[in-house]
Amino acid sequence: MKLNRSTKLSINTAVSLTNQLVIIICGFILPRMFLVSYGSAVNGLQASIAQFLGFIALCDLGVGAVVKSTLYKPLAQKKEEEINKIFCSSERFFRKLGLILLVYTTVLIFLYPFLAKNEFSSLYTASLIVIISISLFAQYFFGMTYRLLLSADQLDFIPLGLHVIALILNTTICVILMKNGFGIHLVKFVSSIIFIAQPICLAIYVHKHYKINHKLKLITEPIKQKWNGLAQHLSAFILFGTPIAILTIFTSLKEVSVYTIYNLVTNGIKQFITALTAGIQATFGNMLAKNEIINLNKAFTKFEWIMHTLTTLLFGLTGILIVPFVKVYTSGITDINYIVPAFAYLFTIAFSLHSIRLPYNTIILAAGHYKQTQTSAIIEMGICLILSIVLVSNYGLIGVAIGILTALAYRTIYFAWYLSKNIMNRNIKIFIKHIFVDTLIILLMLITGYFQMKEVSYFAWFVLALKTSSVCIVISFVINFIFYRSEMLSVFQWISNKYFSKLPMRKN
């Protein structure tokens, strides 16, 4: 059945939200099981190894994002030959990257014990590195280009649906193994095997629905901006990929474990909000390819207000509830102190800024403005790295949070300014008003929505969350009604027309 653009967006959003909900649930279950079964040191070790292996993503050089943007136009115009050229160029690049991963993994086996303050044997660590790298290799060597093609064609729901199945299966089996006393190596090996199935299924689907010629000879490079996504890619990776590495080198694996618990909460909220944008970039890219500027402006205005409102509400609640949650989540774990309020608040603000800038970044990527914005990406990663490394020795987790927060604040402002001046010709005062309203809502939440948790239990935290959410939702609604009444009514009308207008009317 042929799906139109609107239907694809709806399905992508629904499946993306489902995927994120499953990620959050599974993400809370497994780390707790790791802590209880193996302790903070092993939890920190596996998280640290995964992050170091994640450095291979640097070799992506931003090509994945550029491939996706380059595919929008030929897919919209149904130019099969051009699609094939881009696909083959991308596939060959990522297969080379898979081979680089093999070399990098080998080097990491020998180098990692010298970087980390590691209390485990070399064999224990080396074998865990090999096991964790298996699914990563499959992703780059076999599956990346298939996923990018489907995403560019507004079919994100296919790889996301497969990911949901893999997550549920992985969590179920891993919990069973840990409860029966099996070691971390077997648990991680089974996990890697489960995730290998994803790229295989994607390959089968793509070959069934697209005419792909893997042996196509390329005379010229079809991906014109192939290397212009490098700076953006490096910046994104450094912001969220290097903190664990910095903590591993300058602090301890137990500190890494503390970081992963707070990251579990804030990243879960960030990914949930990001899930709402699934398919949005491809939709905006399709509008730009067809020069539908009026429709683009209308859609963006709704999107911008929704993202600011949702980000402020969810991260405002996170800032209030995260420390009580960590108290409950880590109860009984005494090998290190997990209650670090200053880090929690700074980290929450940093992640909220990443979500606030999503609308602006989405349009910039959809327009393919990689080269034009790469200098800002270099500045962002410089701010993050320099501040984090300088401050981590004296301030630990808090120093790292300051580095991330400062870098994100700079580029969030830059994105809003660049979009207003170079793509959509919007007044920067629109962004400033949003930030003012966001700040006002957060302050009112902190003043009126703060309750005490009477005991350390999940039930007590749930009651606290219910009280806090009720107050904060009312605050958000009232303030937005005062400042953004027309946007609220427009979005509510759009939702009503889309989901309720076709409901059968009851006859008297």
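Predicted, not measured: the structure shown is a model, and the values here were computed from it.

Details of the overall build of the chain
1) Next: Along its length, the chain carries 19 helices and zero strands.
2) Next: Relative to its 508 residues, the chain shows a buried fraction of 54%.
3) Next: Within the chain, residue pairs in contact and separated by at least 24 positions form 86% of the contacts whose partners lie at least 6 positions apart.
4) Next: Split by element, the accessible area of the chain, about 23400 Å² in all, is 67% carbon and sulfur.

Considering the pattern of salt bridges
1) Next: Overall, the coordinates contain four salt bridges when judged by the stated rule.
2) Next: Two residues, Glu-81 and Lys-85, come together in a salt bridge whose shortest N-O distance is 3.7 Å. Of the two residues, Glu-81 and Lys-85 both sit in helix H4 (residues 80-115), four residues apart, roughly one turn of that helix.
3) Next: Taking the relative accessible area as the measure of exposure, Glu-81 reaches 57% and is therefore exposed.
4) Next: A relative accessible area of 29% means that Lys-85 is categorised as partly exposed.
5) Next: Its salt-bridge partner being Arg-426, residue Glu-304 comes within 2.6 Å of it at the nearest N-O pair. With Glu-304 in helix H12 (residues 293-329) and Arg-426 in the loop between helix H16 (397-422) and helix H17 (429-448), this pair connects stretches of sequence that are 122 residues apart.

Comments concerning the environment of Leu-53
1) Next: Secondary-structure assignment places Leu-53 in helix H2 (residues 40-53).
2) Next: In this structure, the C-alpha to C-alpha distance between Leu-53 and Leu-101, residues 48 residues apart in sequence, is 8.3 Å.
3) Next: Among all residues touching Leu-53, those that are not within four sequence positions of it are Tyr-104, Thr-105, Leu-108, Ile-129, Ile-132, Ser-133 and Leu-136.

Re the packing of aromatic side chains
1) Next: Scanning the model with the defined rule gives 19 aromatic pairs in all.
2) Next: For the ring pair Tyr-262 and Phe-343, a centre distance of 5.5 Å and an interplane angle of 90° mean the geometry is edge-to-face. With Tyr-262 in helix H10 (residues 253-275) and Phe-343 in helix H13 (residues 341-356), this residue pair connects regions lying 81 residues apart in the sequence. One exposure class covers both Tyr-262 and Phe-343, and it is buried.
3) Next: By way of ring pairs, the aromatic residues Tyr-259, Tyr-262, Phe-343, Phe-347 and Phe-351 are connected into one cluster.
4) Next: Across from the ring centre of Tyr-484, 4.6 Å away, lies the NZ or CZ of Lys-433, which sits over that ring.

Details of the state of the cysteines
1) Next: This model, assessed by the stated rule, comprises zero disulfides.
2) Next: The closest cysteine sulfur to the non-disulfide-bonded Cys-26 is located on Cys-174, 9.8 Å from its own sulfur.
3) Next: Looking at Cys-26, the relative accessible area reads 9%, which means it is buried.

Concerning the environment of His-185
1) Next: With respect to the helices and strands, the residue His-185 is situated in helix H7 (residues 184-209).
2) Next: Between the C-alpha atom of His-185 and that of Thr-125, which follows or precedes it by 60 residues, the distance is 9.7 Å.
3) Next: Excluding anything up to four places from it in sequence, His-185 contacts Tyr-124, Ser-127, Leu-128 and Ile-131.
4) Next: Among the polar contacts listed, one links the side chain of His-185 to the side chain of Ser-127, at a separation of 2.9 Å.

Here we look at the environment of Leu-136
1) Next: Take Leu-136: it is sitting in helix H5 (residues 122-152).
2) Next: Between the C-alpha atom of Leu-136 and that of Leu-101, which follows or precedes it by 35 residues, the distance is 8.4 Å.

Comments concerning H17
1) Next: An ideal rise of 1.5 Å per residue puts 28 Å on 20 residues; H17 measures up with 28 Å between its terminal C-alpha atoms.
2) Next: By the burial criterion, the buried members of H17 are Phe-431, His-434, Val-437, Asp-438, Ile-441 and Met-445. For H17, the arc enclosing every buried residue in end-on projection is 125°, short of the 170-degree limit, so these residues lie on one face. Residues of H17 that are exposed and angled more than 90 degrees away from the buried face: Lys-429 and Ile-447.
3) Next: Summarising the contacts, the buried residues of H17 are in contact with H12, H13, helix H14 (358-366), H16 and helix H18 (458-483).

Re the packing of H2 against H10
1) Next: Between H2 and H10, the shortest axis-to-axis distance is 7 Å and the interhelical angle comes to 75°. Overall, the two elements H2 and H10 adopt an arrangement that is roughly perpendicular. Contacts from Ser-40, Ala-41, Asn-43, Gly-44, Leu-45, Ala-47 and Ser-48 in H2 reach Leu-253, Lys-254, Val-256, Ser-257 and Thr-260 in H10.
2) Next: Tallied by class, the residues present in the contact of H2 with H10 amount to five nonpolar, six polar and one charged.

Details of the nonpolar core
1) Next: If you look at the biggest cluster of nonpolar residues, it comprises 63 residues, and the most contacted ones within it are Tyr-262, Phe-284 and Ile-404.
2) Next: At twelve residues, the largest contribution of residues to this core is made by H16.
3) Next: Excluding residues that lie within four positions of it along the chain, Tyr-262 makes contacts with Ile-322, Val-326, Tyr-338, Ile-339, Val-340, Phe-343, Ala-344 and Phe-347.
4) Next: With 26 residues, the next largest nonpolar core counts Val-67, Ile-86, Phe-94 and Leu-149 among its residues.

Conventions used here
Residues numbered from 1 in each chain as written. Predicted model: local features only at pLDDT ≥ 70, side-chain atom pairs only at ≥ 80, totals over all residues. Heavy atoms only, no water. Helix = DSSP H or I, 4+ residues; strand = E, 2+ residues; numbered from the N terminus. Buried < 20%, exposed > 50% of the residue type's maximum accessible area, 1.4 Å probe, protein only. Contact = heavy atoms within 4.5 Å. Areas by Shrake-Rupley, 256 points an atom, 1.4 Å probe, with all protein chains shown as cover. Salt bridge = Lys/Arg side-chain N within 4 Å of Asp/Glu carboxyl O. Phe/Tyr/Trp six-rings, centres within 6.5 Å; stacked < 30°, edge-to-face > 60°. Lys NZ or Arg CZ within 6 Å of the ring centre and 35° of its normal. Disulfide = S-S within 2.5 Å. Polar contact = N/O pair within 3.5 Å; in protein donor to acceptor, adjacent residues only side chain to side chain. Expected span 1.5 Å × (residues − 1). Arc of directions from axis to C-beta. Axes fitted to C-alpha atoms, helices over the stretch in contact; angles between N-to-C directions. Parallel < 35°, antiparallel > 145°, perpendicular 65-115°, else oblique. Nonpolar A, V, L, I, M, F, W, Y, C, P; charged D, E, K, R; others polar. Core = buried A, V, L, I, M, F, W, Y, C linked by side-chain atoms within 4.5 Å.

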